[in-house]
Structures are given as structure tokens and as C-alpha cells.
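Examination of the molecular architecture
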Amino acid sequence: MAEGEDKAGLRVSADKVYAEINLLPDMTLGDVWNLIRARGIVYGIKDERLSEAMGRPGEWIRFAEGLAPVQPVHSLPHYHFDTGRKPHMTAGENDTVNFKELGLIHNVKAGQVVATQPPVKTGIPGRDIFGQAIPVPEPKITPFHVGTHVSLSPDEKQMKADIDGRVFLDLSGRVCVDNQLTIGGDVGPATGNINFLGALFINGNVLSGYKVKAAADIEIRGTVESAYIDAAGELKIHGGVFGGGKAVLQSRKSIHVRHAQEATILCGDSLVVQESLLRVTAVAAKKIVMELGSVVGGTINAPFMQIGSLGSESGVRTVVELGISPRIRMFCSQLESEFQSLRDQLQKVRQKLHPLVTLQDSGKVLTKEDHDIMLRLENEDEELQRKILGVTAEIRKKLSDPAAHIEGVMDVAGAVRPGVVISTIAVEKPIGTARTGLKLKASRGQITESVEE
């Protein structure tokens, strides 16, 4: 810490900003000043500290203090996003951590500020105890490193995104925004859920329980398990869908898939299937096209449907909704999902409520805590029943709307087997005998048929 300690007991700090003295009992004030002058100390001497040192021989007393410099504040770019590549998870309700939300993608909108240049502050020179000035460096500005799809503000104090997409630092340390993202492998534990403001390309699979959302096209090279996929653009799945009854695929535009089973598919344009749909609920706003493919089980709905074959030899119930507005059908599907969720909640409430009601009906006195729980559960039961009735009424209202009836056409090139049901809002037409080459048309809730030999 200190340097320049001499035999008389005077030492100077390494930065020459202060000095300490340790006096011998028999030293006079003149001796002290001679010692100080001999060392060349001329600035910041405090007489009261010298008097204190003379009264406390053998102790080190700081008697001179210079003026410490104030260092400048340099300007380093302040990034408005996480520049690291490590996942960071946040706690949700009840301090639980969602391990599927890793925060690896930082989305920005066009015009959004992604980095700022803080102002610099000039330093203040100091002075050491020898009277010499202690210089300070000039403040430095570390400039922005501008990458692709970002631009500087006119005053060069801000960096803004030029497009919607993800913002990141490239390997050269440049700030970039990209509206295309490639996931090299699976969407799963290593990536977490994906939510991207651009086009997404996935080289691997989308594993069960994960969500993928993009503001443009999504293309998946592998398969989709029981996952949730939402594309604002087109959705293409090369490897098929194995949904386990939980997969949901939706696109504002078209969906192209090789094969899908046990999934819900909703698209704002066309659904194009190469091979088959097995126990799938599929609704398309324009058409469903699978010229060589088969539909077995589940429900399909579109204004125009071109199918390879319908049903199976085992007679699996396969519903074709014809002449029902896909928009209203999608809305009703959401209501049906809400209905099922409410039913599940009601069942859980009644499982908790039933033992308490049984206990009370048997004549036993409930504790105050159990009585309060029973009252709360009864209120929840009533509220859920009210909501279920409301959802049911809304579904009926939507299906009775004249707008629910549209023109519909279905063309099946191959076999149509028993178990297939052609349904409009007004009628259901079961297929009782296997047939080939079926063409149907729906208008105002009624079905007309022509068979090509």
C-alpha cells in the first residue's frame, strides 16, 4: 500500500495521494517539519493531524492528503437485449419455473431501439501531496458495431431495428436483426418453446409438449409430436404428425403435411396432404386436397374437398362436414375446447365436493374449515355449470346463424366405406354401402349426390 517509508517513520502511498507519519517520543515540531520538507511534501498538509501525531508517538497518523482525481465515465453501448447465448428462465406463479421458456430468442419490431450510446463524463484532474497534477484520460466512446438490418439514428446515439425479427450479436460483435431463423436440430429441452417474428426453419423434430410460433412461414424437416404449431404464413411439415390426441397445427395460410394422426389442424387457406389423415380434426377455410390420400376417423371440413378415399374396412366413424362455414366451425371448435375444459374443471370440483356432502348427509358435523371448503366448492360448481350452459347456448346460436350455411363440394376418387358420415348443419348422411367415385354437393344444408361410373 505504501512506499517510501524512512527511518524517521514517514511513508507515502503508492499513488502519492496521501502520507502517514509515525513519530518518536523525543521529536520536536521542528524535527517533524524538517522531515516533511526533506521528502518534498508541500500539498494537503493538515496541522491538526501533525499535532495529533506528536501526541500519539509510535502510531501511524495520516497527516497529508492530496486531491484524488475523478475518473472519466467512458461510453459503452448499452444493449436492450441479452447479448449472451445462455438460457434464462423466470419464475411464474407459486415461484414455479417453466423450463420450456428459455428466452433464447429476443424479438424486436421494426423501429424498435436495440442499443443506446450513453453520454460520456469528463474526468477531473487531481493533485498529489508533492503538488503535482494527477492527470486523467479523456473519456472514450466505444462505437456501435452495426450489422445487418439495423441503422443508426441521426445523432448516432441509438441503434434501431429496420425489420421485425430477432436481435443478436454476431460472432464479430455486430448488432444484427434477422427475420429468418434456422433451428439446427429438434425443438425440445435445448431450445425451449420458440416464438419468432419471422420465418422459421427447423431441421429436426418438434417434441411433445413444446410450442412453436412464427410471424411468417414455418418449415419442419422432421416430425411433429404432441406439440403446438402456429404459423402466420404457410406451414410445411415433411416428416408427418404423430399428435397423440394433443397436437394442434394452425396457419393463417396453407398447411402442407405428408401424414397426420390424432391432431387438430386449422388453416386459413388450404390443407394439402400427401398420404393420410388418421383420427384428425381438420378445418380449412378454402379446401382440403389429398388426391391419393385417405381419411380415417376424425372430422374434416372445407368448402371444397378432394379426397383419395374415406373410411376404413373396420367401419371407423369418419365425419365429413360439408356446407358448414369453416370460420364458424373454427369458432365452434374453440367453444367446444372451452366446453371440455369447463367439464374437466367441474369434474375435479365434484370429486372434492362429493366426500364432504356425503359426510354432512350422514349426520356428522363438519369442522368450520371443511364447512367453508364445501361452501366454496358449491359456489364453484354453480359457476362452472353456468359457464357450461353459456358455451352450449353460444354454439347453438352460431350453428343456427344463416351465415353458417355455405356451398360445399366433395370429390372422392377412391373408396368410401361404411362408417363415413356426411354432415351438414341440417342433415347427416351415413354411408351404408361401400362405393367408389363419390361426388357430393351441399347447398342450404341439403346434400345432392352424383356418382361417376
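Residues numbered from 1 in each chain as written. Predicted model: local features only at pLDDT ≥ 70, side-chain atom pairs only at ≥ 80, totals over all residues. Heavy atoms only, no water.

Scanning the protein chain from terminus to terminus reveals four helices and 31 strands. A compact globule built from 453 residues would reach a C-alpha radius of gyration of about 22 Å, whereas the protein chain, at 39 Å, exceeds it by more than 25%. Seen through its C-alpha atoms, the protein chain measures out along the principal axes to roughly 125 × 70 × 35 Å. Per-residue burial over the protein chain gives 38% buried out of 453 residues. By element, 51% of the accessible surface of the protein chain is carried by carbon and sulfur atoms, the whole surface being about 24,500 Å². Here the protein chain carries 52 positive and 56 negative side-chain charges, and the mean point of each set is 4 Å from the other. (Helix = DSSP H or I, 4+ residues; strand = E, 2+ residues; numbered from the N terminus. Rg over C-alpha atoms; globule rule 2.2 N^0.38 Å. Buried < 20%, exposed > 50% of the residue type's maximum accessible area, 1.4 Å probe, protein only. Areas by Shrake-Rupley, 256 points an atom, 1.4 Å probe, with all protein chains shown as cover. Lys, Arg positive; Asp, Glu negative; His and termini not counted. Charge placed at Lys NZ, Arg CZ, Asp CG, Glu CD.)

With 36 residues, helix α3 (residues 326-361) ought to run about 52 Å at 1.5 Å a step, and its terminal C-alpha atoms sit 49 Å apart, in line with that. When the local axis directions of α3 are compared, the greatest deviation, roughly 30°, occurs at leucine 353, which is followed within four positions by the proline proline 355. Those residues of α3 lying buried are Pro326, Ile328, Arg329, Met330, Cys332, Ser333, Leu335, Leu342, Leu346, Val349, Leu353 and Leu356. Just downstream of α3 lies glycine 363, where phi reads positive at about 95°. (Expected span 1.5 Å × (residues − 1). Bend = angle between axes of the 7 residues up to and from the residue.)

What follows deals with the layout of surface pockets. For the second largest pocket, the calculated volume is near 360 Å³. Residue lining of the second largest pocket: 13 residues in total, with Val248, Thr264, Ser333, Gln334 and Ser337 positioned closest to the centre. Only β21 (241-251), β22 (255-267) and α3 provide two or more residues apiece to the lining of the second largest pocket. Its residues placed into classes, the lining of the second largest pocket shows three nonpolar, seven polar and three charged. (1 Å grid on protein atoms, 1.4 Å probe; cavity = no way out; pocket = protein on both sides within 12 Å on 5 of 7 lines; lining within 4 Å. Points joined across faces, edges and corners; volume = space filled by probe spheres on them. Nonpolar A, V, L, I, M, F, W, Y, C, P; charged D, E, K, R; others polar.)

What follows deals with unusual backbone geometry. The phi angle of most residues is negative, glycine excepted, and most peptide bonds adopt the trans form. A positive phi angle, close to 60°, is found at histidine 149, a residue other than glycine. Mapped onto the elements of the fold, histidine 149 is located in the loop between β9 (133-134) and β10 (150-152). Its identity is not glycine, yet glutamate 262 carries a phi of approximately 50°, on the positive side.

Further remarks concern helix α4 (residues 368-400). Its 33 residues give α4 an end-to-end C-alpha distance of 48 Å, which sits within 8% of 48 Å, the value for a rise of 1.5 Å per residue. Considering only its buried residues, α4 is in contact with α3. (Contact = heavy atoms within 4.5 Å.)

We now examine the nonpolar core. A general tendency of soluble globular proteins is for nonpolar side chains to be buried together. Leu200, Ile229, Leu271, Leu277, Ile288 and Met410 are the most contacted members of the largest nonpolar core, which has 54 residues in total. In contact with leucine 271, other than residues within four places in its own chain, are Ile255, Val257, Ile265, Leu277, Ala282, Ala284, Lys287, Ile288 and Val289. By size, the runner-up hydrophobic cluster in this structure holds 16 residues, among which are Ile36, Ile61, Phe63 and Ile129. (Core = buried A, V, L, I, M, F, W, Y, C linked by side-chain atoms within 4.5 Å.)

Time to look at the environment of glutamine 158. Relative to the elements of secondary structure, glutamine 158 occurs in strand β11 (residues 158-161). Of the residues examined, glutamine 158 reaches a relative accessible area of 29% and is grouped as partly exposed. In this structure the C-alpha to C-alpha distance between glutamine 158 and histidine 78, which are 80 residues apart in sequence, comes to 9.4 Å.

The subject of this paragraph is the packing of α3 against α4. The contact between α3 and α4 brings their axes to 8 Å, and the two run at 155°. As far as their axial angle goes, α4 and α3 are roughly antiparallel. α4 is crossed by α3, and the crossing has left-handed handedness. (Axes fitted to C-alpha atoms, helices over the stretch in contact; angles between N-to-C directions. Parallel < 35°, antiparallel > 145°, perpendicular 65-115°, else oblique. Left-handed = near helix turned anticlockwise from the far one by under 90°.)

Let's shift gears to the packing of aromatic side chains. As enumerated under the stated definition, the model contains one aromatic pair in all. The ring centre of tryptophan 60 lies 3.9 Å from the NZ or CZ of arginine 11, which sits over that ring. When the ring centre of phenylalanine 168 is taken as reference, the NZ or CZ atom of arginine 166 above it lies at 4.2 Å. (Phe/Tyr/Trp six-rings, centres within 6.5 Å; stacked < 30°, edge-to-face > 60°. Lys NZ or Arg CZ within 6 Å of the ring centre and 35° of its normal.)

Moving on: the sheet that holds β11. Spatial ordering of the open sheet is given by β5-β7-β11-β10, a layout of four strands whose pairing is antiparallel. A single partner strand is all that each edge strand has here, and the edge strands are β5 (78-79) and β10. The pairing of β5 with strand β7 (residues 113-116) spans two bridges and is antiparallel. Within β7, the residue paired with histidine 78 across the bridge is threonine 116. (Pairing = 2+ DSSP bridges.)

To continue, consider the pattern of salt bridges. Inspection of every chain in the model, using the stated rule, returns 16 salt bridges. Notably, a salt bridge pairs aspartate 170 with arginine 174, separated by 2.7 Å at the nearest N-O pair. By relative accessible area, which is 15% here, aspartate 170 ends up buried. Assessed through its relative accessible area of 37%, arginine 174 is described here as partly exposed. (Salt bridge = Lys/Arg side-chain N within 4 Å of Asp/Glu carboxyl O.)

Another point: the sheet that holds strand β12 (residues 165-169). Within a sheet, each strand pairs with its neighbour through backbone hydrogen bonds, oriented either parallel or antiparallel. Spatial ordering of the open sheet is given by β6-β12-β13, a layout of three strands whose pairing is antiparallel. Lying at the two open borders of the sheet, with one neighbouring strand each, are β6 (107-108) and β13 (175-178). As paired strands, β6 and β12 are joined by two bridges and run antiparallel to one another. Directly across from asparagine 107, in β12, lies its bridge partner arginine 166.

Moving on, we get to the side chain of glutamine 117. Positionally, glutamine 117 belongs in the loop between β7 and β8 (126-127). At 2.8 Å, the side chain of glutamine 117 forms a polar contact with the side chain of serine 75. Looking at glutamine 117, its side chain comes within polar contact range of the main-chain oxygen of threonine 142, at 3.2 Å. Contact partners of glutamine 117, with chain neighbours within four places excluded, come to Ser75, Leu76, Pro77, Ile141, Thr142, Pro143, Phe144, Glu156 and Lys157. (Polar contact = N/O pair within 3.5 Å; in protein donor to acceptor, adjacent residues only side chain to side chain.)

A cluster of nonpolar side chains, namely Val42, Tyr43 and Leu67, defines an oily patch on the protein surface of about 280 Å² accessible area. Inspection of the secondary structure puts leucine 67 in the loop between β4 (61-65) and β5. (Patch = residues over 30% accessible without salt bridge, like charges linked within 9 Å, V, L, I, M, F, W, Y side chains within 5 Å.)

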